[in-house]
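Coordinates in review
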Amino acid sequence: MKKQGKKILIAVLIAIMLGGVIVLGVYLKPSKEKDTNDVLKESENLIDEINENVTEENTIEKDLIEEQQEISEEKNQEDNDEISIINSDLDNTKNNTTQKIVSNNNQKSNVETSTNVETKTNEQKNPETIVDKKQEEAKKEQAEVPKVVEQTKQEQPKQDVHTYKYNSSIVEKIKQDIKNNESEYMKKYGYNIVVDESIVTQTNQFTYTGNRVKDKILYKFGTIKIYARDYYLNGNYMYTECYII
């Protein structure tokens with residue numbers, strides 16, 4: 001495209017110059033023919049100079065194109081050489097890895113084969129040893145059975161044990177508090193004190209104090225039933241329960 005543009009520009013310049021020369025030749029006088037010839041020579045010289053410049057530019061452009069092609073070819077060759085080196089390294093690495101894997105597999109196979117041969121040889125040479133081992137394993141299993149049973153028992157949650165014991169000393173205190181704090185009904189209608197264990201299911205228990213006993217007998221008369229017992233949880237004393245009805 002650049003060459004065509006330059007050629008078109010040169011053709012236009014030449015056409016303009018020739019047109020100018022023709023116009024000068026028509027309008028100038030005969031006495032000035034010499035000047036016209038000079039102008040023609042100058043035009044021809046100018047055209048030659050333009051042609052030389054165009055030729056020189058074409059030569060320079062051609063040299064640049066060839067130089068660029070050489071540089072591109074050298075670069076492509078370098079890239080190809082690097083790719084060849086990388087591929088060669090990858091092939092070598094792959095081959096080495098494959099050889100190591102094969103070698104390791106062969107070694108493992110040899111070890112397993114040797115172990116199997118030794119085991120079979122030992123079994124053939126020492127049948128008594130095999131019997132002894134089986135007997136030992138059977139004994140171990142038998143010994144582990146009681147341990148498993150015992151461990152199972154230990155893992156079961158313990159149940160709380162609740163126990164009660166008659167407390168005679170508290171019962172005597174309750175009797176004495178009743179006698180010392182007779183209510184008007186007791187004085188009027190009379191009363192008698194009876195120790196009865198069955199009342200623990202018939203009324204609520206309370207913790208002993210003199211004032212609580214006095215409050216409990218405020219409207220009592222006739223037969224007054226009392227009872228007292230100590231409460232134990234898993235053998236440990238917790239508190240004393242008192243009952244009046």
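Basis of the calculations
Residues numbered from 1 in each chain as written. Predicted model: local features only at pLDDT ≥ 70, side-chain atom pairs only at ≥ 80, totals over all residues. Heavy atoms only, no water. Helix = DSSP H or I, 4+ residues; strand = E, 2+ residues; numbered from the N terminus. Buried < 20%, exposed > 50% of the residue type's maximum accessible area, 1.4 Å probe, protein only. Contact = heavy atoms within 4.5 Å. Areas by Shrake-Rupley, 256 points an atom, 1.4 Å probe, with all protein chains shown as cover. Polar contact = N/O pair within 3.5 Å; in protein donor to acceptor, adjacent residues only side chain to side chain. Patch = residues over 30% accessible without salt bridge, like charges linked within 9 Å, V, L, I, M, F, W, Y side chains within 5 Å. Salt bridge = Lys/Arg side-chain N within 4 Å of Asp/Glu carboxyl O. Lys, Arg positive; Asp, Glu negative; His and termini not counted. Charge placed at Lys NZ, Arg CZ, Asp CG, Glu CD. Core = buried A, V, L, I, M, F, W, Y, C linked by side-chain atoms within 4.5 Å. pLDDT = per-residue confidence, 0-100.

**Some thoughts on the overall build of the chain**
Counting secondary structure elements, the chain contains six helices and four strands. For the chain, the residues scored as buried account for 13% of the 245 residues in total. When contacts within the chain are restricted to residue pairs at least 6 apart in sequence, those whose partners lie at least 24 apart make up 75%. Carbon together with sulfur atoms contributes 51% to the accessible area of the chain, which is approximately 20,000 Å² in total.

**Comments concerning the side chain of Asp196**
Relative to the helices and strands, Asp196 resides in the loop between β2 (191–195) and α6 (210–216). On the basis of relative accessible area, Asp196 is assigned to the buried category, the value being 18%. Among the polar contacts listed, one links the side chain of Asp196 to the side chain of Ser198, at a separation of 2.7 Å. Other than its neighbours up to four places away in sequence, Asp196 contacts Lys225, Ile226 and Tyr227.

**A few points about a negative patch on the surface**
A surface patch of like charges, here negative, comprises Asp63, Glu66, Glu67, Glu70, Glu73, Glu74, Glu78 and Asp81. Within the secondary structure, Glu70 sits in helix α2 (residues 33–125). Residue Glu70 is classed as partly exposed on the basis of its relative accessible area of 49%.

**Quick look at the pattern of salt bridges**
Overall, the coordinates contain three salt bridges when judged by the stated rule. Note that Asp196 and Lys225 form a salt bridge whose closest N and O atoms lie 3.6 Å from each other. Taken together, the positions of Asp196 in the loop between β2 and α6 and Lys225 in strand β3 (residues 222–233) put the pair 29 residues apart, joining distant regions of the chain. Note that Arg229 and Glu241 form a salt bridge whose closest N and O atoms lie 2.9 Å from each other. Of this pair, Arg229 sits in strand β3 while Glu241 sits in strand β4 (residues 236–244), and the two are twelve residues apart along the sequence. Neither Arg229 nor Glu241 differs from the other in exposure class; each is buried.

**Some thoughts on the nonpolar core**
For soluble globular proteins, nonpolar side chains are generally found buried alongside one another. Of all hydrophobic cores here, the largest spans 13 residues; its most connected members are Ile174, Ile178, Val213, Ile224, Ile226, Cys242 and Ile244. Residue assignment for this core shows that the elements contributing at least two residues are α4 (168–180), β3 and β4. The residues contacting Cys242, other than those within four sequence positions of it, are Ile170, Ile174, Asn204, Gln205, Phe206, Tyr208, Tyr227 and Ala228.

**Observations regarding the confidence of the model for the chain**
Confidence in the prediction for the chain averages 76 pLDDT; 58% of positions are at 70 or higher. Of the regions scoring below 50 in pLDDT, residues 29–34 engages in zero contacts with residues more than four places distant in sequence or in other chains.

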